[in-house]
Amino acid sequence: MTDAVTGKAPDTGSYLGEKHGPRAWLLSFDHKRIAWLYLLALTAFFFIGGAMAVMMRLELATAEGDLVSDDTYNRLFSIHGIIMIWFFLVPSIPATLGNFLLPLMIGARDLALPRLNLASWYVFMGGSLFTLFAVLMGGVDTGWTFYTPYSSIYSNSYVSAAAFGVFIVGFSSIMTGINFIVTIHRLRATGLTWFRLPIFVWTMYATALVMVLATPVLAASLILIVAERVLGLGVFDPALGGDPLLFQHLFWFYSHPAVYIMILPGMGVVSEILPCFSRQPLFGYKAVALSSMAIAVFGFLVWGHHMFVSGQSAYAGILFSLFSFLVAVPSAIKVFSWSLTLRRGSIRFPTPMLYALTFLFLFTFGGLAGLFLAALVVDVHLHDTYFVVAHFHYIMVGGMVTAFMGGLHFWWPKITGRMYPEFWGRIAAIATFVGFNFTFFPQYILGYLGMPRRYHSYPEEFSFWHVMSSAGAIILAVSYLMPLVYLGLSLVRGRPAPADPWEATGLEWRTSSPPPQENFDETPTVTGPAYDYINPEPEAQDKGAQHEHGQPERSP
Amino acid sequence: MNEGIRIFPDSASTFAPQVDLLFFTLVAFAGALGLFLTGLVIVYAARYRRNAPAARHRARGRSLPFEIAWTSATTIVAAIIFAWGAALFLRDERIPSDALVVNGIAKQWMWKFRHPGGQREINALHVPRGEPVVVRLGSQDVIHSMFVPAFRVKQDVVPGRSTELWFEATKTGKFRLFCAEYCGTEHSKMTGWITVMEPEDYADWLDRQAQAPSMAEEGEALFRALGCSGCHGASSEIRAPELAGIFSRPVATETGTVTADATYIRDSILQPDKHVAAGYRAVMPSFDGLVSEAELQALVAYIRSLSLDEEVPQ
Ligand SMILES: [Cu+2]
C-alpha cells in the first residue's frame, strides 16, 4: 500500500478503526489515542473553568456584590485560575495536538516512550480530579497563586488538597516534557535535520525543556505550603520564623517560565497555519526557530517582575525589568516574521487562517501591554489591577486559546478524517475576535483607572467598563460553545477528509486522514526545507517577475 | 469626581504626571506599532488574496537586512523604555528626609493609621498637600498592598517586615485607597479614602482629633514597660548599646555595617541574633510574640525620636 498520499476513505485501517471499546482506548499506548484522552479531559476542564469565568463576569456586571457571596466569588476566581492554568493551558496544545502531531511531523511511528505517555495521562487525571474533589468539598480561596502566608496559615479552605492535586499534575508535565525531548532527539526521519523541522516541533522542544526544568520548583513550593499547613513547619509565615516573600520567589521561578509553556506552542501552531494559507515559506525561519529557544532561556530570568512592589530590593527590581525587556525582543522578531510571511503570498481565509490572524492581532496587543508592565514606575501603578488581567488574557486566551482553536480546525481533518463545516467555523472565529476584544479591552482601561483585581464588588465609577466586559464575555462564551457543537456533529456527519486537504507540506499530511495506527505505510524521508510552498499562480508570478525587472506594469 | 464613563484616573501627586508621561508615550508607541502591523497585515491580506491581480514572485522567505534592522530597532526601543522607567523608579525610591511619618497597620480587612501626634484613623488618612508623607507599613496577618491610584503609588504590606510608601500630594480632595493584594474574604471591602488638605487645615484637623499620647511617647512608655530601659538605660549594669542617635546612621555589627533603619530596629527587637552590634554580647532576648505590630511601630518611633533631637542625617 503506497497510495496513502492520495487519500483513502476514513476508518479503514486507520487508528480509529483498530479496536473498539473503552479498554482499547483507555489502555492504548498509541499517541493518537492518548491525544484524544487528553482532548476530552481538557475540553471538560476548559468548559468548567469557562463557566466559572461567566459567573464572575455576571457578578461583576453590577458594582455591588449581589449575585454570589464574597467567599463564593473568591472561590470562583481561584478555581477558574487553577483549572485554566494547570488543567487546561499548560497541557493544552502539547498534550493534545503535540501528542498527536509530533511523531507524525517527524516521521515517527509513536513517541519515544509510549508507556510513559499513557502514564502521564493517568497522573494528570489523578491530580486534577483530586483537586476537583477538593473544590466540590468546599473550594479553595487563595487564588491560583497560593500566596503565603494567606494560603499556608490563614485560609480555611481546602488548600492542601488543591495544592497536592496541582503537585501531582506537575509530574505529568514533566513526563510529557521528557518524552518530547527524547522523541525529537531520537526519532526524526532520515534527512530531517534540526533546521528542517517545522516550527511547531521547535516550540514543542522549547516547551518541553521548560516543563522539565521549571516544574520541580513548583512542586517544591507547593509541598512546602502543605508542610507549613499540616506540620506547622515555619517556612513562609513570619510568625513561625519564615519568609513570605520566599514563596513568591519560588512560585514565580516556576510560574513565569510556565507562561512560556502556555504560549510557545501557540506560536508553533500559527507558524504552521500562516505559511500554508499564504502559500509562502515562513519568513525568517531560522530566527523564528531560535527565538523560541531564546524565549525559553530568558524566561527563567524574569520572575522578579511579578514582585516590583513586594518589598524586594530596588536593584533586584531594575535587573528583572531589564531582563523582561530583553524577552520582548525574540517575541517581536516572531511577530514581524509572521506578518511578512503574508507578503507576496496567495492568501486564502478558511477558519484556521482566521484564527491565526486573530492570534497575531491579539498576541501583538497583549505583548505590547507587557512593555507597560515591565517599565518599573508604570508597573507600580498597574500591578495587581485589571490591566494585568487584560494583559495576560490577551496572551493566554487571545493568544494560546485562539491558536489552539486554529490548530484544532487545521488538523481536525487529519485527526478525525472528517471536514468541519467551514461556514460555522468562520462564524465562530469572527465571534471569538469580537467577543474577546469586548471582554478584555475595557479591562486595560479599568486597570489604568486603578481597579484592583480579585474584587468581588467595586466602586460605581468603574461600572461602565465592567458592564461592557461582561457583555463581551457572553459573546466569547458562545463563540467557544459553537465549535463544541459543530465539531462534535462533524464526527459523524462531516465530509470525509482527503490526506492533505490544505495542500500543506508537513510530513503529517503525507499519510492518510486519519492516519493508520503505525502512522506511515512507508517510513518517509525528507529532502527539503520546511514550508516548501509554491505560489500556485504562475501568471501572477510572471507579472511579478517582469515588474521586478523594472518593466512598466501593464494595466489589467 | 464624575460618575459615568471615565478614561483618566485623578492625578494628585508629584508622581502622577511623571508616570502618566511615560504611560502615554507607551500608549502612543504601542498604538502606532500595533496599528502599523495590523494595517500591514490587512493590506497584505487584501492585496495578496488568492486570485487577486498583484505582483508576486516566489519570495525568498528571508531578508537578512530586514531581520537585523528590526532586531536592533526593538532592542534599542526596549532599552530606552527600560532606562526611562528605571530612572524614575530609582528617583522615587529615595524618601525625602523631612517627610512626615505616618504609621499604618494593615489587617484583615481594614487599614489603621496613626499620625506622629498619636491621632488614629481607620480606613481613612488625612494628609497635608505639598509635603512629602511617608507611610511606614506593617501587617498583622497576611500580605496586603496599599494602593492609591490618584497618586500612582502602591506598596505591599508584608507581615514580619516594615515597608514604606511615600508620596507628595499636589491636589486637595478625597482619593480612593485600595488593598491591591488579595487577602481573603473581604478583600474588596479593604478600601478607604485619602483626604488631602491644605497644611493649615491639616493642622486644625489634627488639633480637633481626640488627643492621645504621641507615637514617640507611647513608645517610650513601652520601652520602660518591656524592660528595654533596664539594659539600654544609661544607669544599666548590663553593657548594651546606647540607642540615642543611631537612627538612620550606619552601625557596626559583627557581620558588617548596616543602616539602622526601621527594618533594622524591628529585627533587633524580634530577632536580636540576626545582627549583633559589634563589641557587645548577644544577650538581648527576642521580643517576638510579646509585642504587636503597632507596638513595634511605637518603639521605632521612640528610637527615631531619640535621634531627631540631634538632626537625622540622610
Ligand atoms: Cu488586604
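A quick note: this is a predicted structure, and the numbers were derived from the prediction, not measured. (Residues numbered from 1 in each chain as written. Chains lettered and ligands numbered in written order. Predicted model: local features only at pLDDT ≥ 70, side-chain atom pairs only at ≥ 80, totals over all residues. Heavy atoms only, no water.)

1. Quick notes on the overall build of chain B
Moving on, step 1. Scanning chain B from N- to C-terminus turns up seven helices and 12 strands.
Moving on, step 2. For 314 residues, the compact-globule estimate of 2.2 N^0.38 gives 20 Å, and the C-alpha radius of gyration of chain B, at 27 Å, exceeds that figure by more than 25%.
Moving on, step 3. Counting every position in chain B, which comprises 314 residues, the buried fraction comes to 49%.
Moving on, step 4. Taking as baseline every contact in chain B between residues at least 6 positions apart, the subset at least 24 positions apart corresponds to 65%.
Moving on, step 5. As presented, chain B carries roughly 14,500 Å² of accessible surface, and 57% of it is formed by carbon and sulfur atoms.
Moving on, step 6. The positive charge centre, built from 31 side chains, and the negative charge centre, built from 35, are 16 Å apart in chain B. (Helix = DSSP H or I, 4+ residues; strand = E, 2+ residues; numbered from the N terminus. Rg over C-alpha atoms; globule rule 2.2 N^0.38 Å. Buried < 20%, exposed > 50% of the residue type's maximum accessible area, 1.4 Å probe, protein only. Contact = heavy atoms within 4.5 Å. Areas by Shrake-Rupley, 256 points an atom, 1.4 Å probe, with all protein chains shown as cover. Lys, Arg positive; Asp, Glu negative; His and termini not counted. Charge placed at Lys NZ, Arg CZ, Asp CG, Glu CD.)

2. Describing the interface of chain A and chain B
Moving on, step 1. Each partner contributes to the interface: chain A provides 101 residues, whereas chain B provides 88 residues.
Moving on, step 2. Counting the surface chain A buries against chain B, the share from its top three residues, V377, Y448 and E461 of chain A, is 10%.
Moving on, step 3. Taken together, the connections running from chain A to chain B amount to two salt bridges.
Moving on, step 4. The salt bridge partner of R161 of chain B is D243 of chain A, with a shortest N-O separation of 3.4 Å.
Moving on, step 5. Between chain A and chain B we count 18 residue pairs in polar contact (both at pLDDT 80 or more) in total.
Moving on, step 6. Class assignment for the residues of the side of chain A that touches chain B results in 57 nonpolar, 25 polar and 19 charged. (Buried area = accessible area lost by both parts, 1.4 Å probe. Salt bridge = Lys/Arg side-chain N within 4 Å of Asp/Glu carboxyl O. Polar contact = N/O pair within 3.5 Å; in protein donor to acceptor, adjacent residues only side chain to side chain. Nonpolar A, V, L, I, M, F, W, Y, C, P; charged D, E, K, R; others polar.)

3. Some details on a nonpolar patch on the surface
Moving on, step 1. A contiguous nonpolar patch, built from F464 of chain A together with I5, I7, F8, F24 and V27 of chain B and spanning about 530 Å² of accessible area, is present on the exposed surface.
Moving on, step 2. With relative accessibility at 35%, the residue V27 of chain B sits in the partly exposed group. (Patch = residues over 30% accessible without salt bridge, like charges linked within 9 Å, V, L, I, M, F, W, Y side chains within 5 Å.)

4. A closer look at the environment of A375 of chain A
Moving on, step 1. Within the element layout of this structure, A375 of chain A appears in the loop between α13 (351-374) and α14 (376-382).
Moving on, step 2. For A375 of chain A and L449 of chain A, which are 74 residues apart along the polypeptide, the C-alpha to C-alpha distance reads 18 Å.
Moving on, step 3. Not counting the four nearest positions on each side in its chain, A375 of chain A is found in contact with F325 of chain A together with L22, L26 and I81 of chain B.

5. Comments concerning the side chain of S331 of chain A
Moving on, step 1. For S331 of chain A, the position within the fold is in helix α12 (residues 314-341).
Moving on, step 2. Beyond its immediate chain neighbours, meaning those up to four positions away, S331 of chain A contacts I295 and F363 of chain A.

6. Section: the packing of aromatic side chains
Two numbers describe a pair of aromatic rings. These are the distance of the centres and the angle of the planes.
Moving on, step 1. Scanning the model with the defined rule gives 73 aromatic pairs over all chains in all.
Moving on, step 2. With a centroid separation of 5.8 Å and an interplanar angle of 65°, the aromatic rings of Y73 of chain A and F77 of chain A are classed as edge-to-face. With Y73 of chain A and F77 of chain A both in helix α3 (residues 70-89), this residue pair falls four residues apart, about one helical turn.
Moving on, step 3. Ring-pair connections join several aromatic residues into one group, and the members of that group are F372, F387, Y394, F436, F440, F441, Y444 and Y448 of chain A together with F8, F23 and F24 of chain B.
Moving on, step 4. The ring centre of W25 of chain A lies 4.2 Å from the NZ or CZ of R33 of chain A, which sits over that ring.
Moving on, step 5. A cation sits over an aromatic face here: K286 of chain A above F195 of chain A, 4.6 Å from the ring centre. (Phe/Tyr/Trp six-rings, centres within 6.5 Å; stacked < 30°, edge-to-face > 60°. Lys NZ or Arg CZ within 6 Å of the ring centre and 35° of its normal.)

7. Topic: the UniProt feature "domain: Cytochrome c" (unreviewed entry) in chain B
Moving on, step 1. Per the UniProt record, "domain: Cytochrome c" (unreviewed entry) is found at residues 214-307 of chain B.
Moving on, step 2. Annotated as 43% helix and 9% strand, the span residues 214-307 of chain B places its first and last C-alpha atoms 16 Å apart. (UniProt positions renumbered as here; feature names shortened; annotations may be inferred.)

8. Considering the nonpolar core
Moving on, step 1. Counting residues in hydrophobic clusters, the biggest one holds 254 residues, and the most contacted among them are W86 of chain A together with F151 of chain B.
Moving on, step 2. Ranked by residues supplied to this core, first place goes to helix α15 (residues 386-416) of chain A with 19 residues.
Moving on, step 3. Contacts of W86 of chain A, omitting those with residues within four sequence positions, involve G81, P91, F124, W144, F146, V166, V169, L218, F251 and Y254 of chain A.
Moving on, step 4. By size, the runner-up hydrophobic cluster in this structure holds 21 residues, among which are L243, A260, L270 and F287 of chain B. (Core = buried A, V, L, I, M, F, W, Y, C linked by side-chain atoms within 4.5 Å.)

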